[in-house]
Amino acid sequence: MTVRISRAAALGALAAVGLFGSARAEEIKIGEINRYSAIPAFTEPYRKGWQLAIEEINAAGGVNGKTLTVVSKDDAGKPADAVTAANELVAKEGVALIAGAYFSNVGLAISDFAAQKKVFFLAAEPLTDAIVWSKGSRYVFRLRPSNSMQAAMLADEAAKLPAKRWATVAPNYEYGQSAVAAFKRLLSAKRPDIQWVGEQWPPQGKIDAGPVAEAIDAAKPEAILNVTFGPDLVKLVREGDARGLFEGRSVVSFLTGEPEYLDPLKDEAPQGWIVTGYPWSQIHTPEHDAFLKAYQAKYNDYPRLGSVVGYTMMKSIAAIIAKAGSTDVDKMIAAAEGVQVDMPFGPIVFRAIDHQSTMGAFVGKTALKDGKGVMTDFIYRDGAKYLPSDDEVRKLRPQD
Amino acid sequence: MDLVFAQMTTGLASAASLFLVASGLSLIFGVTRIVNFAHGAFYMVGAYVAYSLTTRLDGALGFWFSLFAAATIVAALGAAFEMTLLRRIYQAPELFQLLATFGATLAAEDLVVLIWGPEDLVGPRAPGLQGAVALFGKRIPSYDLLLIAIGPLALAGLWLLLNRTRWGVLVRAATQDREMLAALGVNQKWLFTSVFALGTFLAGLGGALQIPRDAASHAMDLPVVVETFVVVVIGGLGSTFGAFVAALLVSELNAFGILVMPKITLALAFLVMAAVLIVRPYGLFGKAPAAARALVGVAARPWKPLRAGGRAGFVALVAVAALAPAALGDYGLAVASETLIFILFAASLHLMMSVGGLASFGHAAAFGLGAYGAALATQWAGLPMLLALPAGPLFAAIGAALVGWFAVSLTGVYFAMLTLAFAQIVWAIAFQWVAVTGGDNGLLGVWPAGFASSPAGFYWLTLAIVAPLLAALRVVVFSPFGYALRAARDSELRAEAIGVDRRAVRRRAIVLAGAFAGVAGALFAFLKGGVFPDALGVPTSVDGLAMVLLGGVETVSGPIVGAAIYKLLSIWLVSRIDLSKLALGLFIVALAALFPKGVVGALADWRARLGGSGRAR
């Protein structure tokens, strides 16, 4: 309640200032939180992405005649600090809404805060299913394709493989656990003949890759599901290569095709893995060309998937506020349900039923080209096709 | 059988890299008594420098030269760090150097991103050792075989250095009795610098040797420093051979453990450490330290209870604090509540650390148990806030009693490490037991009751709980129990001679401090609307230590001032500055260098010099 009052007061004050001709009244403040200090490899391109979007939006006259400004905060890698940051954005900065977040636990913490304080929250990156389903809330929307959606895309490909014995390796925290669980459930449903013969759960960021590789090998799987990423993935690839872990085996891997994780591997990038990712240099659609050109012109660097996420996040916010015609929370929620946003992969829609966007992902195979990892045979999988039906969602999501 | 062989060799290879880093830490601690938190940072810098060099210098020669050069550069950095910073603060209270090295670590994490960029850097593989050798039907990476050879070679080299050179004799003498060595006219300054350089050389080499296996990243320091501490303590502080055996033990248990229970890696090393310390309080090969000649933790000025003026001052301060809602906005009040909570947390740690001489590296466990206790009481028992709050201190006190029962016979760093082990085990349980604790997503929806739901209401509630508890802690310090605790800290023999039951007194202090931290944790859960495993994590414990040390470990009011400065500054920096860790780290280093007695300690000195009555407040 206090939030409402203070926002009303703030808007009132702004309106009063506006009467006297100040330009400051003509802006909409967006609050943004991410793990800048803890995961710079993702957040730097992400920040460049949303900054580009803000520049484009404001150059085109802003939203409803007002310019968008962003107040950006670091969550220092902790959910509790993210709540502090969210509180600062809402109570002190008087932002119209909050967006961002990277890890699932931070996304859920901000989501709970948003529901408590009745603030609009657009979760950009967190992948956990809970954020739109089991812990879904009317104040929260999510942009990226969730764990289940990516698992479904990969399970489709995995079902086509002859392999019957599968082993999994995933970081031991919520993301890894729920990715493995979703993949297992979906693949077993398609292929009841499949056996799960082994699982490894290295701690995130602390994989002891040699023993892990040997332990997977000892289970004699015909195919492997990998969910590790970042430095853990590097170690696993190196140890696995040297030990012949991947020889004669199919590998299905979450996120590995994203430039953030594929590029550091250079000429050691794995070949023939089935992955989700972002083959930025090979996507030739008008939407993506325009984005790529603008991004490269501004930064003299190529976009990562984080750049697309950051860019689309701000474009979505602009679309929602434009459709709502105001920054009133209830109007923004009503507007966001079913809003269509044009993003570099094509148009997406935020579903009314569970507030999940239909942004999809590229699924393809990794290969080596000119000493660098690339994706080949990829195809864009529209997220809408990998989301459960409305009836199923009603069972998964608390109805409000 | 071939699997056993494969796991054994990978375990040996991991052990070798672990040993290199751990032996450096052990050397530094043995001689200088510094808990070098920055050891992981030196390891990280070693990896980054090695990346830069190996990607620029071609050929096998260039590669191996690069690794060696990287370690040498790290050693030079280490020596410079020792000469410019640590030399100033050797005389500071025990553990104070931890604060400086912690600040340096924070700064280093941001610095490497600033210098090398945010992406993980993957260097080349070792020339000639990219492949694998088939042994017993298993392919063993040739680089692993090299590492397996390096481990014992390094051990042999260190043994020769320590046992067959004059320098080694001095190092061993210093490890055993620093004062005696100084009395014999040995220049300790250069001995310390050279030991620190060698120790950081080993850390840098350990990091550089990871280049063919690992990616250099800005977060690789913390896991390494924690794991090497565990290894050093299991082996026995100052024992190089012990570190070798412990590295083997931890690595092999890890390699085989994941075959049986893949998720155990989270806590395995700490389980081993706890088991070893309970059976052998000084580690596998450590010896009980010689009886301290100087009294430990003696304050420059005896502590005195507040007189009427001081008490009135405290009441006035609380009264002013109660008026804060008139001046601060909603956000300011939330920050003020958080600061009050951490003041209570730091004050409870102070009771153990300064009054009891029991530095805990795992005080976050009590804080986190308090938070989980309150959250579970609301989530599972459905209790309202006021009834759920007491569950916090109850949980924390039970946890502390358990730890106290095992840890009470340990002292110094061994006590600190056993508390760390317990905290990490509790953390692993909270992280892993998803059904009850929600795993790393934590427990959400723990919002305060209606009357405290506004920021001002919650702030008043926090103040109404924290202020009396701070007063109570002060009363405890100057109660007969507090004197007994200080007596047990300052001289065990004399305390026992006058009838102080050292163990009973310490056990009570641990439980009391745990309960107070539990109150702080319970309030924290309601402030944040939830609780997450990192409330129990190493960084929370280290924050608590930094607060107490910053304020002044030898003072009574130090933790209050230290916690306020640290918390407000870190919230402000994180909110304002991109490179907040760099700024906070440098600030801590500067404070450590300028005020070796902490901020309150420096103030007291200053007052004394001005001819005041010289009370330690």
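Residues numbered from 1 in each chain as written. Chains lettered and ligands numbered in written order. Predicted model: local features only at pLDDT ≥ 70, side-chain atom pairs only at ≥ 80, totals over all residues. Heavy atoms only, no water.

**So, the overall build of chain B**
Within chain B one finds 27 helices and six strands. For 617 residues, the compact-globule estimate of 2.2 N^0.38 gives 25 Å, and the C-alpha radius of gyration of chain B, at 25 Å, lies within 12% of that figure. For chain B, the spread of C-alpha atoms along the principal axes amounts to about 75 × 60 × 45 Å. Classification of the 617 residues of chain B by burial places 61% in the buried group. At a minimum sequence separation of 6, the contacts of chain B that also span at least 24 residues come to 79%. Accessible area for chain B stands at about 23000 Å²; split by element, carbon and sulfur atoms hold 71% of it. Across chain B, the mean location of the 39 positive side-chain charges is 12 Å away from that of the 27 negative side-chain charges. (Helix = DSSP H or I, 4+ residues; strand = E, 2+ residues; numbered from the N terminus. Rg over C-alpha atoms; globule rule 2.2 N^0.38 Å. Buried < 20%, exposed > 50% of the residue type's maximum accessible area, 1.4 Å probe, protein only. Contact = heavy atoms within 4.5 Å. Areas by Shrake-Rupley, 256 points an atom, 1.4 Å probe, with all protein chains shown as cover. Lys, Arg positive; Asp, Glu negative; His and termini not counted. Charge placed at Lys NZ, Arg CZ, Asp CG, Glu CD.)

**Describing the interface of chain B and chain A**
Across the boundary between the two partners, chain B contributes 63 residues, which contact 60 residues of chain A. Surface buried jointly by chain B and chain A totals about 5600 Å² across both partners, of which 52% is contributed by carbon and sulfur atoms. Among the residues chain B hides against chain A, the three largest losses belong to Arg139, Tyr331 and Trp447 of chain B. Together they make up 12% of the total. In this structure, the connection of chain B to chain A is made through eight salt bridges. Among the salt bridges present, the one from Lys235 of chain A reaches Asp214 of chain B, with a minimum N-O distance of 3.4 Å. At the boundary of chain B with chain A, the tally comes to 25 residue pairs in polar contact (both at pLDDT 80 or more). The biggest single contributor to the side of chain B that touches chain A is helix α1 (residues 2-32) of chain B, with five residues. For the side of chain B that touches chain A, a count of residues per class yields 29 nonpolar, 16 polar and 18 charged. (Buried area = accessible area lost by both parts, 1.4 Å probe. Salt bridge = Lys/Arg side-chain N within 4 Å of Asp/Glu carboxyl O. Polar contact = N/O pair within 3.5 Å; in protein donor to acceptor, adjacent residues only side chain to side chain. Nonpolar A, V, L, I, M, F, W, Y, C, P; charged D, E, K, R; others polar.)

**Looking at the confidence of the model for chain B**
Residues and elements named next belong to chain B. Mean pLDDT for chain B: 88, with 96% of residues reaching 70 or above. No element of chain B has a lower mean pLDDT than strand β2 (residues 132-135), which averages 82, and none a higher one than helix α23 (residues 502-528), which averages 95. Taken as a whole, residues 293-297 scores under 50 in pLDDT and shows nine contacts with residues more than four places along the chain or in a different chain. Confidence drops under pLDDT 50 across residues 613-617; counting only partners more than four residues distant or on other chains, this segment forms 22 contacts. Of the two predicted TM-score estimates for the complex, the pTM is 0.88 and the ipTM is 0.85. (pLDDT = per-residue confidence, 0-100.)

**Re the pattern of salt bridges**
Throughout the structure, instances matching the rule amount to 41 salt bridges over all chains. Among the ionic pairs, Arg47 of chain A bridges to Glu44 of chain A, the shortest N-O distance being 3.1 Å. In this pair, Arg47 of chain A and Glu44 of chain A are both assigned in helix α2 (residues 40-59), three residues apart and thus about one turn of the helix distant. Accessibility expressed as a relative area gives 12% for Arg47 of chain A, which makes it buried. In this structure Glu44 of chain A comes out as partly exposed when scored by relative accessible area, which is 28%. One network of salt bridges, in which partners are shared, links Glu214, Glu239 and Arg243 of chain A together with Asp144 and Arg213 of chain B.

**Here we look at unusual backbone geometry**
Residues and elements named next belong to chain A. Within the chain, Asn64 stands out as a residue other than glycine whose phi angle is a positive 50°. Here Asn64 lies in the loop between α2 and β2 (67-74). The phi dihedral of Asp370 falls on the positive side, at around 50°, and the residue is not glycine. Considering the arrangement of structural elements, one finds Asp370 in the loop between β13 (361-369) and β14 (372-381).

**Some remarks on helix α15 (residues 364-379) of chain B**
Between its first and last C-alpha, α15 of chain B extends 22 Å over 16 residues, near the 22 Å set by a 1.5 Å rise per residue. Counting buried positions over the 16 residues of α15 of chain B gives 15, a clear majority of the element. (Expected span 1.5 Å × (residues − 1).)

**Quick word on helix α7 (residues 209-218) of chain A**
Residue and element names in this part refer to chain A. Of all the ten residues making up α7, nine are buried; the element is thus mostly covered by neighbouring parts of the structure. Among the residues making up α7, those that are buried are Ala209, Gly210, Pro211, Val212, Ala213, Glu214, Ala215, Ile216 and Asp217. Lys220 occupies a position one or two residues after α7 and carries a positive phi of about 50°.

**A few points about the sheet that holds strand β4 (residues 121-123) of chain A**
All names here are of chain A. Read across the sheet, five strands follow the order β2-β1-β3-β4-β5 without closing on themselves; strand pairing throughout is parallel. Pairing within the sheet leaves two strands with one partner each, and these edge strands are β2 and β5 (140-142). Neighbour-to-neighbour, the strand axes of the sheet open up by a mean angle of 25°, direction not taken into account. Relative to strand β3 (residues 97-100), strand β1 (residues 27-34) runs parallel, the two sharing four bridges. Bridge pairing links Ile30 to Leu97 in β3. Where helix α4 (residues 104-117) meets the sheet, its contacts fall on β1, β3, β4 and β5, and the angle it forms with β4 comes to roughly 165°. (Pairing = 2+ DSSP bridges. Axes fitted to C-alpha atoms, helices over the stretch in contact; angles between N-to-C directions.)

**With respect to the pairing of β13 of chain A**
Successive residues of a regular strand alternate their side chains across the two faces of the sheet. Residue and element names in this part refer to chain A. For strand β10 (residues 274-277) and β13, the ladder comprises four bridges, and the chain directions are antiparallel. Across the sheet, residue Ile274 finds its bridge partner in β13, namely Lys365. Of the strand pairs in this sheet, β13 and β14 are connected by eight bridges, and their pairing is antiparallel. Its bridge partner being in β14, Phe362 is matched across the sheet by Tyr380.

**Let's talk about a nonpolar patch on the surface**
Where nonpolar side chains cluster on the molecular surface, the patch consists of Leu111, Leu114 and Ile115 of chain B and spans about 290 Å² of accessible area. Along the chain, Leu114 of chain B turns up in helix α4 (residues 96-116). (Patch = residues over 30% accessible without salt bridge, like charges linked within 9 Å, V, L, I, M, F, W, Y side chains within 5 Å.)

**With respect to the sheet that holds strand β6 (residues 165-169) of chain A**
Within a sheet, each strand pairs with its neighbour through backbone hydrogen bonds, oriented either parallel or antiparallel. Residue and element names in this part refer to chain A. Spatial strand order, β7-β6-β8-β9-β10-β13-β14: seven strands in an open sheet with mixed pairing. The open sheet is flanked by β7 (195-200) and β14, the only strands paired with a single partner. When strand polarity is set aside, the average angle formed by the axes of neighbouring strands in this sheet is 25°. In terms of strand pairing, strand β9 (residues 250-257) meets β10 through three bridges, oriented parallel. Bridging from a neighbouring strand, Gly257 pairs with Gly277 of β10. Each of β6, β9, β10, β13 and β14 is contacted by helix α5 (residues 147-159), which is oriented at about 150° to β9, the strand it contacts most. Lying over the sheet, helix α6 (residues 174-190) contacts β6, β7, β8 (223-226) and β9, oriented at roughly 170° with respect to β7.

**Here's the deal with the packing of aromatic side chains**
All names here are of chain B. Under the definition given, this model contains 44 aromatic pairs over all chains. Ring geometry for Tyr48 against Trp116: centres 4.9 Å apart, planes inclined by 35°, an arrangement best described as tilted. Here the residue Tyr48 occupies a position in helix α2 (residues 39-56), and Trp116 occupies one in helix α4, the gap between them amounting to 68 residues. By relative accessible area, which is 1% here, Tyr48 ends up buried. Its relative accessible area of 22% is what places Trp116 among the partly exposed residues. Centroid distance Phe68 to Phe201: 5.8 Å. Interplanar angle 75°. Geometry classified as edge-to-face. (Phe/Tyr/Trp six-rings, centres within 6.5 Å; stacked < 30°, edge-to-face > 60°.)

**Quick notes on the packing of helix α9 (residues 221-235) of chain B against helix α11 (residues 268-279) of chain B**
All names here are of chain B. In the contact formed by α9 and α11, the axes pass within 10 Å of each other and the chain directions differ by 25°. Classified by the angle their axes make, α9 and α11 are roughly parallel. As for the relative orientation of α9 and α11, their crossing is left-handed in sense. Packed against α9, whose contacting residues are Val226, Val230, Val233 and Ile234, the element α11 presents Ala269, Phe270, Val272, Met273, Val276 and Leu277 at the interface. Broken down by class, the residue content of the contact of α9 with α11 amounts to ten nonpolar, no polar and no charged. (Parallel < 35°, antiparallel > 145°, perpendicular 65-115°, else oblique. Left-handed = near helix turned anticlockwise from the far one by under 90°.)

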